[in-house]
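Coordinate analysis (summary)
Chain by chain, the residues:
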Amino acid sequence: MAKLDILRYPDPKLQTVAKPVQEIDARIRTLVADMLETMYDSNGIGLAATQVNVHERVVVMDVSENRNEPMVLINPTITWMSAERIKGEEGCLSVPGIYDGVERAAAIKVTAQDVEGQPQEIEADGLLAVCVQHELDHLMGKVFVEYLSILKRGRIKTKLLKALRDGE
Ligand code: QAP
Ligand code: CO
């Protein structure tokens, strides 16, 4: 397994729209294993392939307390969203050190394939629902800071570009 480099906002590559996975082969299984390692190593609860510069519809997540319940979503689609909304504090491995409130659907249904290619249907609420919506946004080229005001986003861009110039 290998730890992958995570793209940092405002890298324009984060705006790439991911394509469906055509075949779950050895390459995809290696990608999934490496993404899980990268997510656990970085203390993340979710990571989309977009963030490691692979533009295919693959997401890994683990919202469990003990960090021992990995979830893999290949070609995920949200099939239902509740009208009820919740506002939660979000962060992102591509936007280190920044956290802010974002409003999302409170509950969702998602269909996806697992790493064996088997179809799965997931009903989620709470943190998992928020995490799935956050990660599926990445696959569409969207980062959570785009939900914030222009003013906040500008400040975040400046801060992260400065951190990049100063070498982290
Ligand atoms: C998305 O984000 C998420 O800034 C996953 O220094 C986040 O795993 C969905 C992280 C919150 C719902 C709620 C961020 C780790 C991890 C940082 C993450 C950091 C270290 C973010
Ligand atoms: Co993210």
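See the structure shown above.
We now turn to the structure provided with this report. Fair warning: this is a prediction, and the values are worked out from it, not measured in the lab. Residue numbers run consecutively from 1 along every chain, following the written order of its sequence. Just so you know, chain letters begin at A and ligand numbers begin at 1, following the order they were written in. Totals for whole chains, interfaces and linings use all residues, but because this is a predicted model, local features are given only for residues with pLDDT of at least 70 and pairs of side-chain atoms are given and counted only at 80 or more. Excluding hydrogens and water, the side-chain values take into account all heavy atoms of the structure.

1. Topic: the nonpolar core
Judged by nonpolar contacts, the single largest core of 17 residues is most densely connected at Val59, Met61, Leu73, Ile108, Ala124, Leu128 and Val132. With six residues, the top contributor of residues to this core is helix α2 (residues 126-139). Other than its neighbours up to four places away in sequence, Leu128 contacts Met61, Val63, Met71 and Ile122. In this text, buried Ala, Val, Leu, Ile, Met, Phe, Trp, Tyr and Cys residues form a nonpolar core when linked through side-chain atoms within 4.5 Å. Exposure is judged per residue with a 1.4 Å probe applied to protein chains only, and the accessible area is read against the type maximum: over 50% gives exposed, under 20% gives buried, and values in between give partly exposed. Put simply, DSSP H or I for four residues or longer makes a helix, DSSP E for two residues or longer makes a strand, and each gets a number counted from the N terminus. Residue contacts are counted whenever heavy atoms from the two residues lie within 4.5 Å of one another.

2. Some thoughts on the side chain of Asp137
With respect to the helices and strands, the residue Asp137 is situated in helix α2. With near-sequence residues (within four places) excluded, Asp137 lies in contact with Arg104, Lys142 and Tyr147.

3. Things to note about the coordination of the cobalt ion (ligand 2)
Those donors, Cys92 (SG), His134 (NE2) and His138 (NE2), are the protein atoms that reach the cobalt ion (ligand 2), and they lie 2.0 to 2.2 Å from it. Counting gaps between the donor residues of the cobalt ion (ligand 2) yields the pattern C-x41-H-x3-H. Of this pair, Cys92 sits in the loop between β4 (85-90) and β5 (100-105) while His134 sits in helix α2; the two residues are 42 residues apart in sequence, bridging distant segments of the chain. Of the residues examined, Cys92 reaches a relative accessible area of 12% and is grouped as buried. Coordination shells were defined by N, O and S atoms within 2.8 Å of each metal, extended to 3.2 Å for Na, K and Ca; water is absent from the atom set, which can make sites look incomplete.

4. A word on the layout of surface pockets
A 1.4 Å probe that fits into a set of points on a 1 Å grid over the protein atoms alone but cannot get out defines a cavity; an open set with protein on both sides within 12 Å along at least five of seven lines defines a pocket, and lining residues are those with an atom within 4 Å of a point. Grid points are joined across faces, edges and corners, and a volume is the space filled by probe spheres set on the points. Computed from the structure, the largest pocket encloses a volume of approximately 330 Å³. Along the wall of the largest pocket there are 20 residues; nearest its centre are Ile45, Glu90, Gly91, Cys92 and Leu93. Looking at the lining of the largest pocket, the elements that each hand over two or more residues are β4 and α2. If you tally residues by element for the lining of the largest pocket, the top one is α2, at five residues. Across the lining of the largest pocket, the residue classes break down as ten nonpolar, seven polar and three charged. Here the second largest pocket is characterised by a volume of approximately 170 Å³. In this structure, the second largest pocket is lined by 14 residues; those nearest its centre are Ile78, Met81, Gln133, Asp137 and Tyr147. Looking at the lining of the second largest pocket, the elements with two or more residues in it are β3 (71-81), β5 and α2. Looking at the lining of the second largest pocket element by element, the count peaks at four residues for β3. Across the lining of the second largest pocket, the residue classes tally to seven nonpolar, two polar and five charged. Each residue is assigned to one class: nonpolar for Ala, Val, Leu, Ile, Met, Phe, Trp, Tyr, Cys and Pro, charged for Asp, Glu, Lys and Arg, and polar for all the others, Gly among them.

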